Amino acid sequence: MIKTYFYNHSRQTMQHDVDLEQVDKFLLSPEDLLWIDLYDVGNDELQYVADIFQFHPLAIEDCLHVSPRAKVDNYEDYYFFVIHALRYNEESDNEITTLELNVFLGPNYIVTIHKRPLPSIGRIAATSLHSKKYMNRGPDFLLYSIVDGITDEYFPIIDRISVRIDELEDEIYEHQMKEITEEFLALKRTIILLRRVILPQKRIFAPVNGMMLFEINEENLPFYIDLVDHQERIADSTETFRDLVNGALDTYYSIVSAKTTETMRILTMISTIMMPLTFITGLMGMNVPLPGEEKVYSLWIIMGILLLVVLFMFIYFKRKRWL
């Protein structure tokens, strides 16, 4: 599916579904803006648009394959971006998945390519059918609006992860080891993927030595500063979550280890008490007759000795504070 949106600056009007065969006419004025959105297109449609704008084959190859990291490439006449949105499903085996968005940013055009629907683009596209709100400030502002919408979708994920960590910290004293360990490992995978997505994207839009990696109109610069601030908050949150999960996991293992040690201590005490009893009963139960064994009261004497041994060992362990 190929959708097109054209903003005519001189007329202050919006058009959509324009004829791409006349693209040169739409790009005559540097103040106009043409947005082409390609959703779930095949190689033929992608190549058709690439031929119109003479996009580099390496950039087209990146569009055809999944890129694990966000990036921006400068091709002199345009910039090529790889950006990732996130989908979060706590009930799925893979709790968090990435949705790739490829963007070609030119002086008065922008081309977006994605295989799955993105709410950020859908919302802006619906508005652009009848409003110039997102397209009357240049292509860099339209790019900001798309990326800002994607970034805003991270915050509910961050909030849910925070709640899950709090819940796990309360549950580490109650649930079995297998359940808690699986939950912790799932959370760690989610946080790692979140960091792998947000950190490269933050580097794309953060200034380096006071310079941006791509051209931005000065009037739109505050929007990108605000975008970077949001991304830094998310990155800081993931760093905090990683420390919290690692700390909670260490605490849980310490609790499990302490419970195991306590169990082993009790079993050791029982074994220690039983050892002399086993020795005495084994000795008295030998086939060789022992002195006094034929006496009627010998059984009670042996029982008394066993009780005295147990009592002595119990008192001794108490004084040593082993019980």
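Source: prediction; values computed, not measured.

Within a regular strand, side chains alternate between the sheet's two faces. Note: strand 1 (residues 2-8) against strand 2 (residues 13-16), four bridges, orientation antiparallel. Considered in strand 2, the bridge of N8 is made with T13. Counted along the chain from strand 1 to the antiparallel partner strand 2, the turn is four residues long, and its residue Q12 has a positive phi close to 60°.

The residue V23 is located in helix 1 (residues 23-26) in this model. Taking the C-alpha atoms as reference, V23 lies 7.8 Å from I52; in sequence the two are 29 residues apart. Leaving out residues up to four positions away in the same chain, V23 has contacts with L34, I52 and F53.

This brings us to a negative patch on the surface. A surface patch of negative charge is lined by D226, D229, E232 and D236. In this fold, D236 is placed in helix 8 (residues 221-284). Overall, D236 belongs to the exposed group, its relative accessible area being 52%.

If you look at soluble globular proteins, the nonpolar side chains tend to sit buried side by side. Judged by nonpolar contacts, the single largest core of 65 residues is most densely connected at W35, F81, L143, F205 and F214. Those residues in contact with F81 that lie beyond four places of it in its chain are K71, V72, L101, N102, V103, L105, L143, I204, F205 and F214. Counting 25 residues, the second largest nonpolar core, distinct from the first, contains F6, V23, L46 and Y109.

Our focus in this paragraph is the packing of aromatic side chains. Aromatic ring pairs are defined here through the distance separating the ring centres and the angle between the ring planes. Taken as a whole and judged by the stated rule, the model has 20 aromatic pairs. Here the aromatic rings of F53 and F55 are separated by 5.4 Å at their centres, their planes lie at 10°, and the arrangement is stacked. The buried category is assigned to F53, whose relative accessible area is 11%. The class of F55 is buried, set by a relative accessible area of 8%. Counting every residue linked through ring pairs, the aromatic cluster contains Y79, F81, F141, Y144, F205, F214, F223 and Y224. Just above the ring of F141 sits the side chain of R137; from NZ or CZ to the centre is 4.8 Å.

On to the sheet that holds strand 6 (residues 96-105), then. Taken together, seven strands build an open sheet; the order of strands is 2-1-3-7-6-5-4 and the sheet is mixed. Each end of this open sheet is capped by a strand with a single partner; those strands are strand 2 and strand 4 (71-74). Strand after strand, the sheet turns through a mean of 15° between neighbouring axes, direction not considered. As paired elements, strand 6 and strand 7 (residues 109-114) share five bridges and run antiparallel to each other. Note that in strand 7 the partner of F104 across the bridge is V111. Along the sheet, helix 6 (residues 154-171) contacts strand 5 (79-88) and strand 6; its crossing angle with strand 5, the most-contacted strand, is approximately 40°.

Cut-offs used in this document
Residues numbered from 1 in each chain as written. Predicted model: local features only at pLDDT ≥ 70, side-chain atom pairs only at ≥ 80, totals over all residues. Heavy atoms only, no water. Pairing = 2+ DSSP bridges. Helix = DSSP H or I, 4+ residues; strand = E, 2+ residues; numbered from the N terminus. Contact = heavy atoms within 4.5 Å. Patch = residues over 30% accessible without salt bridge, like charges linked within 9 Å, V, L, I, M, F, W, Y side chains within 5 Å. Areas by Shrake-Rupley, 256 points an atom, 1.4 Å probe, with all protein chains shown as cover. Salt bridge = Lys/Arg side-chain N within 4 Å of Asp/Glu carboxyl O. Lys, Arg positive; Asp, Glu negative; His and termini not counted. Charge placed at Lys NZ, Arg CZ, Asp CG, Glu CD. Buried < 20%, exposed > 50% of the residue type's maximum accessible area, 1.4 Å probe, protein only. Core = buried A, V, L, I, M, F, W, Y, C linked by side-chain atoms within 4.5 Å. Phe/Tyr/Trp six-rings, centres within 6.5 Å; stacked < 30°, edge-to-face > 60°. Lys NZ or Arg CZ within 6 Å of the ring centre and 35° of its normal. Axes fitted to C-alpha atoms, helices over the stretch in contact; angles between N-to-C directions.

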